[in-house]
Amino acid sequence: MESTNHGEGPVAASKRRYIPLNDVLPPLETLVVAIEGSVDPDGVCCLSIPNRVLGDWANNREKNTSFVALANEYIVDEAITLNPEAARLEDLLYRKSLGVVSKVRAARGVNRKNALLRSTTITILNGETISAADLQSELNEVTYLNEEADAFIEGLQEEVQDLKDALSEAQDSQNNPGGKIDAVSNRHARRKIQEVSEHANKALEFLSTYGLVAESLKVHTTSGKTFHIPFSDDAASENEDTVDLRVLYILDRYGVSDAFYHELAMLFSELPRSRAVKKARTDLNHTMQLTRIPGHEGAYRSFERSLCEQLSTMIAQDATSFQPNQKIKVRISGDGAKFSRTSSFVLLSYAILMPVGRYLSGIGNHTIAVVKGAEDYDTISTAFAATFQEIDGLQQLGFVAVNGVSYNIELFFSSDMKFMLTMLGLNAANSIYACPKCTVHRDCRWDVSKPESYYSTTMARTLVTLRRAFASHGRTAAVHQGSVNRPLTAIPVDHMMIDELHLFLRIFDVMLRNLIKMSEPQTQQLVAYIRSCGVSFTIWESESSDGKVEWTSLTGEAKKKVLKLLPSKMKDIPLPNAFLDDVVQLWKDFEVLYNLLSSETPPPNAADDIHLKAKRWIQLFLRIKSDGHQKKFVTPYFHVMVYHVPDAIRQFGNIKQFSCQGVEKHKDDSKRNYFSSNHWDAPAEIMLAEHRLELLQQYAREKRDYTKHAAAYWHEGGMQEMRSQMRETLKY
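Residues numbered from 1 in each chain as written. Predicted model: local features only at pLDDT ≥ 70, side-chain atom pairs only at ≥ 80, totals over all residues. Heavy atoms only, no water.

Peer 1: Explain the packing of helix α18 (residues 556-565) against helix α19 (residues 580-597) to me, please; I cannot follow it from the model alone.
Peer 2: The description of two packed helices rests on the angle between their axes and on the distance between the axes. Put simply, α18 and α19 touch, their axes get as near as 9 Å, and they point 125° apart. With respect to their mutual orientation, α18 and α19 come out oblique. Considering only the axes of α18 and α19, their crossing is left-handed. Between α18 and α19, the contacting residues are Lys560, Val562, Leu563 and Lys564 on the first element and Trp587, Phe590, Glu591 and Tyr594 on the second. (Axes fitted to C-alpha atoms, helices over the stretch in contact; angles between N-to-C directions. Helix = DSSP H or I, 4+ residues; strand = E, 2+ residues; numbered from the N terminus. Parallel < 35°, antiparallel > 145°, perpendicular 65-115°, else oblique. Left-handed = near helix turned anticlockwise from the far one by under 90°. Contact = heavy atoms within 4.5 Å.)

Peer 1: What is the right way to read the nonpolar core from this model?
Peer 2: When a protein is soluble and globular, its nonpolar side chains tend to lie buried together. Grouped together as the largest cluster of nonpolar side chains are 119 residues, with contacts concentrated most on Phe303, Trp587 and Trp617. For Phe303, the contacting residues outside a window of four places in its chain are Val330, Ile332, Tyr350, Ile368, Glu390, Ile391, Leu394 and Leu411. With 25 residues, the next largest nonpolar core counts Leu54, Val68, Tyr74 and Leu82 among its residues. (Core = buried A, V, L, I, M, F, W, Y, C linked by side-chain atoms within 4.5 Å. Buried < 20%, exposed > 50% of the residue type's maximum accessible area, 1.4 Å probe, protein only.)

Peer 1: Got a minute to help me understand the packing of helix α20 (residues 606-623) against helix α22 (residues 645-652) in this structure?
Peer 2: Orientation of α20 relative to α22, taken along the N-to-C sense of each, is 175°, at an axis distance of 8 Å. With respect to α22, the axis of α20 lies roughly antiparallel. Each of Ala607, Asp608, Ile610 and His611 in α20 lies in contact with α22, whose residues at this interface are Val645, Pro646, Ile649 and Arg650. Class assignment of the residues belonging to the contact of α20 with α22 gives a composition of five nonpolar, one polar and two charged. (Nonpolar A, V, L, I, M, F, W, Y, C, P; charged D, E, K, R; others polar.)

Peer 1: Please clarify how the confidence of the model for the protein should be interpreted in this entry.
Peer 2: The predicted coordinates of low-pLDDT regions are not to be read in fine detail. Confidence along the protein averages 82 in pLDDT terms, with 86% of residues attaining 70 or more. Here residues 1-24 scores under 50 on pLDDT; set against residues more than four positions off or in separate chains, the count is 33 contacts. Taken together, the stretch residues 233-240 has pLDDT below 50 and engages in six contacts with residues farther than four places along the chain or on a different chain. (pLDDT = per-residue confidence, 0-100.)

Peer 1: Quick question: what am I supposed to make of helix α4 (residues 110-117) here?
Peer 2: One full turn of an α-helix is made of 3.6 residues, so residues set three or four places apart face in the same direction. What α4 keeps buried is the set Arg112, Ala115 and Leu116. For α4, the buried positions fall inside an angular range of 95° around the axis, keeping them on one side. Turned more than 90 degrees away from the buried face of α4, the exposed residues are Val110 and Asn111. Summarising the contacts, the buried residues of α4 are in contact with α1 (51-60) and α3 (87-106). (Arc of directions from axis to C-beta.)

Peer 1: I tried to follow unusual backbone geometry on my own but got confused; where do I start?
Peer 2: Note: most peptide bonds trans; most residues except glycine with negative phi. For Asn403, which is not glycine, the phi dihedral falls at a positive 55°. Within the fold, Asn403 resides in the loop between β13 (399-402) and β14 (405-415). Exposure remark for Asn403: the relative accessible area of 64% places this residue in the exposed category.

Peer 1: Honestly, the pattern of salt bridges in this entry has me stumped. Any pointers?
Peer 2: Oppositely charged side chains can form a pair if their charged atoms are brought close together. For the coordinates displayed, the defined rule picks out 22 salt bridges. A salt bridge links Asp252 to Arg692, with the nearest nitrogen and oxygen atoms 2.7 Å apart. Residue Asp252 is located in helix α7 (residues 245-253), and its partner Arg692 is located in helix α24 (residues 682-695); the two are separated by 440 residues in the primary sequence. You can call Asp252 buried: its relative accessible area is 8%. Put simply, Asp447 and Lys450 hold a salt bridge, and the shortest N to O gap is 2.8 Å. Residues joined by salt bridges that share partners form a network here, namely Asp335, Glu664 and Lys667. (Salt bridge = Lys/Arg side-chain N within 4 Å of Asp/Glu carboxyl O.)

Peer 1: What should I look at first to understand the packing of aromatic side chains in this one?
Peer 2: Working definition: an aromatic ring pair is given by the centre-to-centre distance plus the angle between the planes. Enumeration over the complete set of coordinates arrives at 21 aromatic pairs. With centroids separated by 5.3 Å and ring planes inclined at 75°, the aromatic side chains of Phe303 and Tyr350 adopt a geometry described as edge-to-face. Taken together, the positions of Phe303 in helix α10 (residues 303-317) and Tyr350 in strand β11 (residues 344-352) put the pair 47 residues apart, joining distant regions of the chain. The burial state of Phe303 is the same as that of Tyr350; both residues are buried. Taken together, Phe504, Phe508, Trp587, Phe590, Tyr594, Trp617, Phe621 and Phe638 form an aromatic cluster joined through their ring pairs. Just above the ring of Tyr254 sits the side chain of Arg253; from NZ or CZ to the centre is 5.3 Å. We note Lys631 situated over the ring of Trp446; from NZ or CZ to the ring centre the distance is 3.7 Å. (Phe/Tyr/Trp six-rings, centres within 6.5 Å; stacked < 30°, edge-to-face > 60°. Lys NZ or Arg CZ within 6 Å of the ring centre and 35° of its normal.)

Peer 1: Help me out: how do you make sense of a nonpolar patch on the surface in this one?
Peer 2: A cluster of nonpolar side chains, Phe152, Ile153 and Leu156, forms an exposed patch at the surface whose accessible area comes to about 290 Å². By the element assignment, Phe152 lies in helix α5 (residues 132-173). (Patch = residues over 30% accessible without salt bridge, like charges linked within 9 Å, V, L, I, M, F, W, Y side chains within 5 Å. Areas by Shrake-Rupley, 256 points an atom, 1.4 Å probe, with all protein chains shown as cover.)

Peer 1: Is there a simple way to explain the side chain of Arg112 in this structure?
Peer 2: Residue position: Arg112 is located in helix α4. In terms of polar contacts, Arg112 uses its side chain to reach the backbone carbonyl oxygen of Val104, at 3.1 Å. (Polar contact = N/O pair within 3.5 Å; in protein donor to acceptor, adjacent residues only side chain to side chain.)

Peer 1: What exactly am I supposed to notice about the environment of Thr601 here?
Peer 2: Mapped onto the elements of the fold, Thr601 is located in the loop between α19 and α20. A residue is classified by how much of its surface remains accessible, and Thr601, at 69% relative accessible area, is exposed. Thr601 sits 55 residues away from Lys656 along the chain, and the two C-alpha atoms are 9.0 Å apart.

Peer 1: How do you make sense of the environment of Trp446 when you look at a structure like this?
Peer 2: Its location among the elements puts Trp446 in the loop between α13 (417-423) and α14 (463-471). Remark: the alpha-carbon pair of Trp446 and Phe633, spanning 187 residues in sequence, is separated by 8.7 Å. Those residues in contact with Trp446, other than ones at most four positions away along the chain, are Ile618, Leu622, Lys631 and Val634. Within polar-contact distance, the side chain of Trp446 engages the backbone oxygen of Asp443 at 2.8 Å.

Peer 1: When you look at the state of the cysteines in this model, what are you seeing that I'm missing?
Peer 2: Note on terminology: disulfide describes a covalent bond linking the sulfur atoms of two cysteines. Under the definition given, this model contains zero disulfides. Free cysteine Cys435: the closest other cysteine sulfur is in Cys438, separated by 3.6 Å. (Disulfide = S-S within 2.5 Å.)

Peer 1: Would you explain α1 in this entry?
Peer 2: α1 sits mainly inside the fold: eight of its 10 residues count as buried. Of all the residues in α1, the buried ones are Asn51, Arg52, Val53, Leu54, Gly55, Trp57, Ala58 and Asn59.

Peer 1: Mind showing me how you'd approach the environment of Leu251 here?
Peer 2: Relative to the helices and strands, Leu251 resides in helix α7. Sequence separation of Leu251 and Leu693 is 442 residues, and the distance between their C-alpha atoms is 9.9 Å. Setting aside anything within four residues of it in sequence, one finds Leu251 in contact with Val256, Tyr261 and Val277.

Peer 1: When you look at the side chain of Arg281 in this model, what are you seeing that I'm missing?
Peer 2: With respect to the secondary-structure elements, Arg281 resides in helix α9 (residues 274-285). Filtering out sequence-adjacent residues up to four positions away, Arg281 remains in contact with Leu248, Asp252, Asp258 and Arg692.

In structure tokens form, the structure reads like this:
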């Protein structure tokens, strides 16, 4: 904005006003504009401006410098910033400065000195200052523009390098790298003639400036063999800026770096140029609206807009599965992810619980927000505040409009226990009141004598009870019952679903830990039997001084394989005979129980059956008199399996639909996107890479079906045995 120019005033430039300065006056550079309290009901504050400063502004300011800009430079400690567009303030400062000059010129002696030592008070009204938020917004915008400019310059430099490489390649390609046409085979000769045709076509492009067109080129070899090389008028040269989107999909899908592709494109001219690939990627990025998270290294996008886009795509694929009066279930999930030794991220995603949505795969889960930081309440509540506000708005509204048609939606939240407790504002999973569904005490979780409805009625948690308990925080734990923070969303507690995958993983970990303890000191036999199940497994002593036993962290699929195959081999594992049968039965019963509760189509009486089986399973767990089977080892997952999983199945049909299996796969994809980025703005790059893959999913290669015929290899340890033999071979 151009500053207001008041000109030079009525006094000619040759007779500029001059205020004599005496040695007794303080130096001008030591004077500042001070801020006083507001004296006007409509005022923000008052400025006390020394008359010497006003006089100096009137006499010596540059022609295009505004009075407001001068005042901002003199304000002490930059406590406030005046609005450069405040016309009233600009005019007032102009008149006050001229008034000071007139008074000083009219005064003599001591009166002039006193006039110079006085200050003039000016009231600042609302709208004549710039708030800190506005300044921060402008700073963020300038920073963003600078970053965009840097990226643009970097892109130009790469394009210049591409052009230099292309020019060098073109110059080198003019020369014949091989033998002469007479000395090569006919096939090779035809290839060389084609090269000559391309070079000649380029060399004769200047003919068009004369209005001439070359039809053919006649050449002959030193041996007298003649060639007629025709030029096609409609032959279009290859457009190097055209990119096959299948190439872009492969680069993003497998995390291929730009540097690698650039070198590859230099070797194979038929590949699209790297600058064209980057331009195509940038064009796709512009189709996604990302917002930076203030105060954090993170980014988010509109949940409602993304949900509508995904629904629109799914409806186009299978319109019969979506009816306007049908409730569409949408599962929101959150999880922390340690991508490297020093980089931890928290991801918020969602999935549409429809078969066409592929919610159990990584591609069916869509990121809403990513932030770099710890998985704790402070980070999640501040970084995702805008997203939670949008989620609460949709929760209250209950529908979204897609292509002019309203569809009812039902929001759920599913995650592991740690993130679930954080979302509800509760303490950690090892606290006294750690169940997210009810207020059961830690010392009562083992008690399965209560009826099934006991914890889902009088002791059930709701948003109202959670907020009321949080209001009483600061008293004893018996009063606030674990509510140490305010719940982060308005999704009801009965729609905060337990993840069946993490329920299985955590209970399996307890069973495996107890089995290892019981097999000591002959743990190597247990290792051999677990390996015979077709998984890689090792037990070792920790390098720390305590000599703690550690073991391989198995994947979910490996744990399911061990749960299925190991019980039949436990008879040969050196376990105490007193409870060997109970341990074997414990593992077998848990497999049956998990298969039932994780079924996508459970039988009609599944809820009652699960409650009864889980109740007996915990009783069997406590009957084993061995370290690790005491009441204190009954975790919140045990209690949830007995009392809350049956209720969820009875209410929503099954809990498999709320599984975080797809979330874990989606997290692995995000980790790959992180390592393929330059880490300059990792959260945004993770989301942009995912967005491009969603847009380019149609270019994915459809893999052929593969039938595993060799059961001994795939399921009975044959693959593990072959890998062991390969490792032994490599030792030599």
